[in-house]
Amino acid sequence: MVELAPSILSADFAHLAEQIQAAERGGGTVIHVDVMDGHFVPNITIGPPVVASLRKVTQLPLDCHLMIENPDEFIPALAEAGANWVSVHYEACRHLHRSLELIEQHGMKPAVVINPATRVNLLIDILPMVHHVLVMSVNPGFGGQKFIPFSLEKIRHLCAIRAELGLEYRVEVDGGIAVDTVAQVVEAGADLLVAGNAVFGDGHPEENARQLLQMARAAAGERLKPAAKQVNIGKNVRENGRPIHRTTSKRKVC
Ligand code: DX5
Ligand code: ZN
């Protein structure tokens, strides 16, 4: 099922509780929380104390996207604050496997994020460990940026690998999702849609969330039709010259 994860980065920080509750009434089912440190990305936002406050005003999963250089140091505090999902950047983790294990050990769902310039194939070995993969469709750091079209190919690729390997991770997309891009993101296979500016930007989060979700669900309906796009998934699963499966058959993707 396609779900909407409103990103509070574009919300009115003086009224976070009301803003979140409005987005929830509009159909948002996950709250996306962007944690930035001013080093990994050129912006600073919030940390565990604010996550703890958010925990008191919503029952929805808190999806913490860590755009910080030393994520391992903050995992215990995020767990204590009540975070549910924690995603760490491939580009920020010296020992990604260890970071994902640490998140899991603290009772949260681990996820990995890739920047626009990072290839999907680099994730192959850790995909069985993650609850979701977050595809950045803008460079991280700011809301309201323009969607990068080649992200669509990454979404398709992740869905194809998931089918090929029989895995269950979800594919989340973050950046530039709005009424003009949401359908293509869903058609490519995304099932968790992060939206900040498109939900909170004009001060009408409930209406905006409802409209985005309607468009997403319509596109998801199209995706399920029998003529769904087919992608050759046989030989590209590994880029190190050792494909996991040698078949070149064509299969339907999500
Ligand atoms: C950007 C953040 C996003 C941001 C998306 O670095 O990770 O979650 O809120 O904003 P929009 O939807 O406005 O592109
Ligand atoms: Zn984010």
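Residues numbered from 1 in each chain as written. Chains lettered and ligands numbered in written order. Predicted model: local features only at pLDDT ≥ 70, side-chain atom pairs only at ≥ 80, totals over all residues. Heavy atoms only, no water.

Observations regarding the overall build of the protein
Alright, step 1. When you go through the protein residue by residue, the secondary structure sums to eight helices and 10 strands.
Alright, step 2. Counting contacts in the protein only where the partners sit at least 6 residues apart, residues at least 24 apart contribute 65% of the total. (Helix = DSSP H or I, 4+ residues; strand = E, 2+ residues; numbered from the N terminus. Contact = heavy atoms within 4.5 Å.)

Here's the deal with the site of ligand 1
Alright, step 1. Every one of the 20 residues lining ligand 1 counts as a neighbour, but S7, D34, G141, G144 and D174 are closest to it.
Alright, step 2. At 2.7 Å, a side-chain N or O of S7 approaches an oxygen atom of ligand 1.
Alright, step 3. At 2.8 Å from an oxygen atom of ligand 1 is found a main-chain nitrogen or oxygen belonging to G176.
Alright, step 4. For ligand 1, the accessible surface in isolation is 380 Å², of which the surrounding protein chains cover 99%.
Alright, step 5. Among the elements of the structure, β2 (31-36), β3 (62-67) and β8 (192-195) are those that each provide at least two residues to the shell around ligand 1.
Alright, step 6. Of the residues belonging to the shell around ligand 1, the class tally is eight nonpolar, 10 polar and two charged. (Near = heavy atom within 4 Å. Polar contact = N/O pair within 3.5 Å; in protein donor to acceptor, adjacent residues only side chain to side chain. Areas by Shrake-Rupley, 256 points an atom, 1.4 Å probe, with all protein chains shown as cover. Nonpolar A, V, L, I, M, F, W, Y, C, P; charged D, E, K, R; others polar.)

Focus on the coordination of the zinc ion (ligand 2)
Alright, step 1. Taken together, H32 (NE2), D34 (OD), H65 (ND1) and D174 (OD) make up the full set of protein donors to the zinc ion (ligand 2), lying 2.1 to 2.3 Å away.
Alright, step 2. Here the donor residues for the zinc ion (ligand 2) map to a single chain with the spacing H-x1-D-x30-H-x108-D. With H32 in strand β2 and H65 in strand β3, this pair connects stretches of sequence that are 33 residues apart.
Alright, step 3. The exposure class of H32 is buried, given its relative accessible area of 0%. (Donors = N, O, S within 2.8 Å, 3.2 Å for Na, K, Ca; no water. Buried < 20%, exposed > 50% of the residue type's maximum accessible area, 1.4 Å probe, protein only.)

A look at the confidence of the model for the protein
Alright, step 1. In this model, the protein carries a mean pLDDT of 91, and residues with pLDDT of at least 70 account for 89%.
Alright, step 2. For residues 228-254, every residue scores under 50 in pLDDT, and the model assigns this stretch 49 contacts once sequence neighbours within four places are set aside. (pLDDT = per-residue confidence, 0-100.)

Let's talk about the environment of M108
Alright, step 1. You can see M108 is positioned in the loop between α4 (96-105) and β5 (109-114).
Alright, step 2. M108 gets classed as buried once you look at its relative accessible area, which sits at 4%.
Alright, step 3. For the pair M108 and D63, spaced 45 residues apart in the sequence, the C-alpha separation amounts to 9.9 Å.
Alright, step 4. Contacts of M108, omitting those with residues within four sequence positions, involve I75, L78, A79, A83, N84, V86 and I103.

Some points on the pattern of salt bridges
When charged atoms on two side chains of opposite charge get close, those side chains can pair.
Alright, step 1. In total, this model carries five salt bridges according to the counting rule given.
Alright, step 2. With a closest N to O distance of 2.8 Å, R170 and E3 form a salt bridge. Here R170, found in strand β7 (residues 170-174), pairs with E3, found in strand β1 (residues 3-6); they are 167 residues apart in sequence, far enough to count as distant. As far as the burial class goes, R170 and E3 line up, both buried.
Alright, step 3. Note that R156 is salt-bridged to E153, the shortest N-O span being 3.0 Å. Placement of the pair is R156 and E153 together in helix α5 (residues 151-165), with a separation of three residues, close to one helical turn. (Salt bridge = Lys/Arg side-chain N within 4 Å of Asp/Glu carboxyl O.)

Digging into the packing of helix α1 (residues 16-25) against helix α8 (residues 205-223)
Helices that pack against each other are described as a pair by the angle of their axes relative to one another and the distance between those axes.
Alright, step 1. Viewed as axis vectors pointing N to C, α1 and α8 meet at an angle of 35°, and their least axial separation amounts to 7 Å. Every pair of crossing elements has a handedness; the one defined by α1 and α8 is right-handed. Contact residues: Q19, A22, A23 and R25 in α1; P205, E206, A209 and R210 in α8.
Alright, step 2. A breakdown of the residues in the contact of α1 with α8 according to their chemical character gives four nonpolar, one polar and three charged. (Axes fitted to C-alpha atoms, helices over the stretch in contact; angles between N-to-C directions. Left-handed = near helix turned anticlockwise from the far one by under 90°.)

What about helix α2 (residues 48-55)?
Alright, step 1. Three or more residues of α2 are buried, namely P48, V51 and L54. All buried residues of α2 fall inside an arc of 115° around its axis, so they share one side.
Alright, step 2. Among the structural elements, α1, β2, β3 and α3 (75-81) are those in contact with the buried residues of α2. (Arc of directions from axis to C-beta.)

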